[in-house]
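# A look at the structure
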Amino acid sequence: MMELYIHIPFCLQKCRYCDFASYAGMQAYMDSYIDDLLMECDQQLDALGDTYIKTVYIGGGTPSILPDNLFDKLLNGISRRFHFLAQCEWTVEANPGTLTQEWLSIAASYGVNRLSMGMQAAQPELLKTLGRIHSFSDVEHSVNLAKSCGFHNISLDLMFGLPGQNLRMWTESLQAALSLSPSHLSCYGLIPENGTALKADLDAGRLFLPEEEAEREMYDTALQILQNAGFIQYEISNFALPGYPCYHNIGYWRQEYYLGLGASAASMLPSPGTAYIRKTNPSLLHDYHCMVWNGITAECQSISRNEAMFESLMLGLRMTDGVHEDAFFAMHGISLDAYRGNALRREIKKGLLVYENGAYRLTRRGMDIQNSILVDLMDP
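First, a word on scope: everything that follows refers to the structure included in this document.

Scoring rules and cut-offs
Residues numbered from 1 in each chain as written. Predicted model: local features only at pLDDT ≥ 70, side-chain atom pairs only at ≥ 80, totals over all residues. Heavy atoms only, no water. Salt bridge = Lys/Arg side-chain N within 4 Å of Asp/Glu carboxyl O. Helix = DSSP H or I, 4+ residues; strand = E, 2+ residues; numbered from the N terminus. Buried < 20%, exposed > 50% of the residue type's maximum accessible area, 1.4 Å probe, protein only. Pairing = 2+ DSSP bridges. Right-handed = clockwise from strand over helix to strand, strands pointing away. Expected span 1.5 Å × (residues − 1). Axes fitted to C-alpha atoms, helices over the stretch in contact; angles between N-to-C directions. Parallel < 35°, antiparallel > 145°, perpendicular 65-115°, else oblique. Left-handed = near helix turned anticlockwise from the far one by under 90°. Contact = heavy atoms within 4.5 Å. Nonpolar A, V, L, I, M, F, W, Y, C, P; charged D, E, K, R; others polar. Lys, Arg positive; Asp, Glu negative; His and termini not counted.

## Considering the pattern of salt bridges
In the structure shown here, the tally under the stated rule is 19 salt bridges. Residue Asp42 pairs with Arg81 through a salt bridge whose shortest N-O separation is 2.8 Å. Of this pair, Asp42 sits in helix H1 (residues 30-48) while Arg81 sits in helix H2 (residues 68-81), and the two are 39 residues apart along the sequence. Residues Arg364 and Asp368 are paired through a salt bridge, measuring 2.8 Å at the closest nitrogen-oxygen approach. Of this pair, Arg364 and Asp368 are both found in helix H14 (residues 364-368), four residues apart, which corresponds to roughly one turn of the helix. On the basis of relative accessible area, Arg364 is assigned to the partly exposed category, the value being 30%. On the accessibility criterion, Asp368 (28% relative accessible area) is partly exposed. When salt bridges that share partners are traced, they join Glu212, Glu213, Arg216, Asp220, Arg364 and Asp368 into one network.

Given below as structure tokens:
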């Protein structure tokens, strides 16, 4: 049993902050790309054998710009090739303004039951800074259209710490998102990535980020507003109404096996003699096409037992319920105390970790400086 991720790398326009494998103006390659994806499916199934899929996530890029016939071809091909658990969570990413009733009907007919939309902000000037092609009215229309087609598990992505953004604007964006009654919100702090247009503007002094204290205040405001609205924080950046977390992402943070298909997609698979292996497909469309049609193996990295244990700690501490002793021992055959007990107790004394109900978890202050805590935990 494992999770399935499928990458659709096509966009109408490249966002100015995006460093993912996504390409604008290359829609002519969509048809052959779907053929490549389904061929890779067959190759992976030959290697993996009969397995059940517990969650599916189709991301991008912008999956919602796939023409109806190609979207149907992809979902039909996936449905015929894999076995799905009865309660499989099936998410597709969609950009506001690109959804149509026909596209949504195709998604629903194959069992897609969750949509993730990139709202990002409510203010036109911030959306322009980000290079987004939608308005908030597009978000409203897309959410209402999805609900009319039977989709009620809808997640919205929001970003804070943006150039030109202040606390009032962030609060307005949160309230605007909540007015649409989503079941899930992801609230990400902006990380300017090298090679993006936004990072170039910041480096050149054409744009400026909010002060660190202002960004922390935005995060604190999100915690309060979303808690008051009935949302539960289950991960550093993710909030859900009861019963609506993203189980696919939880699988990543809990180190469940997953298969990634498509350009730049990564897989984490079992392998004899090591904890697991991580495979990463080429990012460029031409390179991915050549890999599939020539039967070349994706780039592989063997993850040692020690690396896997630290990943359990690193990923588990992103979750608000932390890293559980029983789960860690079941996965690695060693207790957390034997692995990093002294280091964990040091962080508890600093007030950055707590140990409750058999689990280590970050405190509120610990969440703010998670990366520095992980550096400290590298030293036993």
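Moving on from the model shown.
## Details of the pairing of strand E8 (residues 184-189)
Across six bridges, strand E7 (residues 154-160) lies against E8 in parallel orientation. Within E8, the residue paired with Phe160 across the bridge is Gly189. Between the parallel elements E7 and E8, the chain passes through helix H6 (residues 167-178) in a crossover that is right-handed. Sheet topology places E8 next to strand E10 (residues 238-240); three bridges connect them, and they run antiparallel.

## Comments concerning the pairing of strand E16 (residues 353-356)
Where E16 and strand E17 (residues 359-362) come together, four bridges link them in antiparallel fashion. Within E17, the position partnered with Tyr355 by the bridge is Tyr360. Between E16 and E17, which pair antiparallel in sequence order, lie two residues; one of them, Asn357, sits at a positive phi of approximately 50°.

## Some words on helix H11 (residues 305-316)
Its 12 residues give H11 an end-to-end C-alpha distance of 16 Å, which sits within 8% of 16 Å, the value for a rise of 1.5 Å per residue. Within H11 the residues assigned to the buried category are Ala308, Met309, Phe310, Glu311, Ser312, Leu313, Leu315 and Gly316.

## Focus on the packing of H11 against helix H13 (residues 336-349)
It is the contact of H11 with H13, at a shortest axis distance of 12 Å, that shows an interaxial angle of 55°. Our classification of the angle between H11 and H13 gives oblique. Considering the relative orientation of H11 and H13, their crossing is right-handed. Seen from H11, the contacting residues are Asn306, Met309, Phe310 and Leu313; seen from H13, they are Leu336, Tyr339, Arg340 and Leu344. Residue classes in the contact of H11 with H13 are distributed as six nonpolar, one polar and one charged.

## Points about the side chain of Glu325
Looking at the element boundaries, Glu325 is found in helix H12 (residues 325-332). Among buried charged residues, Glu325 stands out as having no salt bridge; its nearest opposite-charge side chain is Arg345, 7.6 Å away. With sequence-adjacent residues up to four places away left out, Glu325 is seen in contact with Ser335, Leu336, Asp337, Tyr355, Gly358 and Tyr360.

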